[in-house]
Amino acid sequence: MIMEASNVIAIRMAMMEDIESIAYVLRQAFIAYEPLYPPAAFAGTTPTSDKIRERWEEGPVWVAIQNDTLVGTVAAKAKDSGLYIRSMAVRPASRGQGIGRRLLQVCEDFAIHHHHARIFLSTAPYLKEAIRLYEGFGFQINNEGPHDLFDLPLFTMAKPLKEEITLNEQSSHR
């Protein structure tokens with residue numbers, strides 16, 4: 001089977017010059033849900049490029065690139081309780097290609113490498129496609145907060161992680 005170049009999706013660390021495109025992808029991914037969001041919650045979910053710049057040093061940001069176009073993004077922030085995943089989005093026209101799953105995998109790999117016990121995120125109950133993606137990736141709903149974002153009801157989903165055992169650790173257990 002020969003893959004066309006248009007189907008190739010690369011995931012990489014974001015660069016400062018990606019910020020405008022990241023803000024655009026976030027807005028495009030959530031614009032259909034804007035009527036369901038209180039205005040402040042929508043602004044928090046779709047941060048401007050200035051807001052993204054302000055929080056740039058808080059943790060890693062990855063992007064998905066297809067045909068030299070940024071089509072997806074995710075960011076993470078280390079917290080005491082694990083690696084918090086935020087600002088995950090895939091452009092509507094690019095959904096259904098496994099991009100969201102690959103972005104989650106990058107977060108999980110990063111979390112394991114940095115010895116986090118789990119990854120977690122918050123989402124709105126009406127983001128059904130995203131919730132199916134998270135559940136399919138092993139996330140489960142829990143009772144942790146936050147329970148709202150500017151009056152938008154939220155729930156938290158988490159996935160416990162198991163650190164990979166290195167060959168040295170395996171041989172020392174024999």
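Below or above, wherever it landed, is the structure these notes cover. From a predicted model like this one, the values you see are computed outputs, not experimental measurements.

**Side note on the packing of aromatic side chains**
Line of reasoning, step 1. Counted according to the given criterion, the structure contains seven aromatic pairs.
Line of reasoning, step 2. Residues Tyr33 and Tyr126 carry aromatic rings whose centres are separated by 6.1 Å and whose planes lie at 25° to one another, so their mutual orientation is stacked. Of the two residues, Tyr33 sits in the loop between helix H1 (19–30) and helix H2 (39–45) while Tyr126 sits in the loop between strand S5 (118–123) and helix H5 (128–136), which places them 93 residues apart along the sequence.
Line of reasoning, step 3. For the ring pair Tyr84 and Phe120, a centre distance of 5.2 Å and an interplane angle of 50° mean the geometry is tilted. Linking Tyr84 in strand S4 (residues 82–90) with Phe120 in strand S5, this pair joins segments that are 36 residues apart in sequence. Here the two residues Tyr84 and Phe120 agree in accessibility, since each one is buried.
Line of reasoning, step 4. An aromatic cluster of three or more residues is present, and its members are Tyr33, Tyr37, Phe42 and Tyr126.
Line of reasoning, step 5. Taking NZ or CZ as reference, Arg118 lies 4.3 Å from the ring centre of Phe120, over its face.

**Quick look at the pairing of strand S2 (residues 61–66)**
Line of reasoning, step 1. Where burial is concerned, most of S2 is hidden: six out of the six residues are buried.
Line of reasoning, step 2. Side-chain alternation along S2 places Val61, Val63 and Ile65 on one buried face and Trp62, Ala64 and Gln66 on a second face that is also buried.
Line of reasoning, step 3. Relative to S2, strand S1 (residues 9–13) runs antiparallel, the two sharing five bridges. Across the sheet, Arg12 pairs through a bridge with Val63, a residue of S2.
Line of reasoning, step 4. Hairpin connection between S2 and strand S3 (residues 69–79): a loop of two residues separates the two successive antiparallel strands, and Asn67 in this loop has a positive phi of roughly 55°.

**Some thoughts on the pairing of strand S9 (residues 155–160)**
Line of reasoning, step 1. Of all six residues that make up S9, five are buried, and the element is covered over most of its length.
Line of reasoning, step 2. Two strands pair when backbone bridges link them, and S5 and S9 are joined in this way by six bridges, in the antiparallel orientation. Residue pairing across strands places Phe120 opposite Ala158, the latter belonging to S9.

What counts and how
- Positions within a chain are numbered from 1, following the residues in the order the chain's sequence is written.
- Local features are withheld for residues below a pLDDT of 70 in this predicted model, meaning they are given only at 70 or higher, and side-chain atom pairs are given and counted only at 80 or more; totals for whole chains, interfaces and linings count all residues.
- With hydrogens and water set aside, each side-chain value is computed from the structure's full complement of heavy atoms.
- In this analysis, rings of Phe, Tyr and Trp, with Trp reduced to its six-membered ring, are considered paired at centre separations within 6.5 Å, and the interplanar angle assigns stacked below 30 degrees, edge-to-face beyond 60, and tilted for intermediate values.
- Helix and strand assignments follow DSSP, with helices taken as H or I runs no shorter than four residues and strands as E runs no shorter than two, numbered in order from the N terminus.
- Buried means the residue's accessible area, taken with a 1.4 Å probe over protein chains only, is under 20% of the maximum for its type, while exposed means over 50%, and partly exposed covers the values in between.
- Two conditions define a charge sitting above a ring: the NZ of Lys or the CZ of Arg must be within 6 Å of the ring centre, and it must be within 35 degrees of the ring normal.
- Being paired, for any two strands, means DSSP has found at least two bridges between them.

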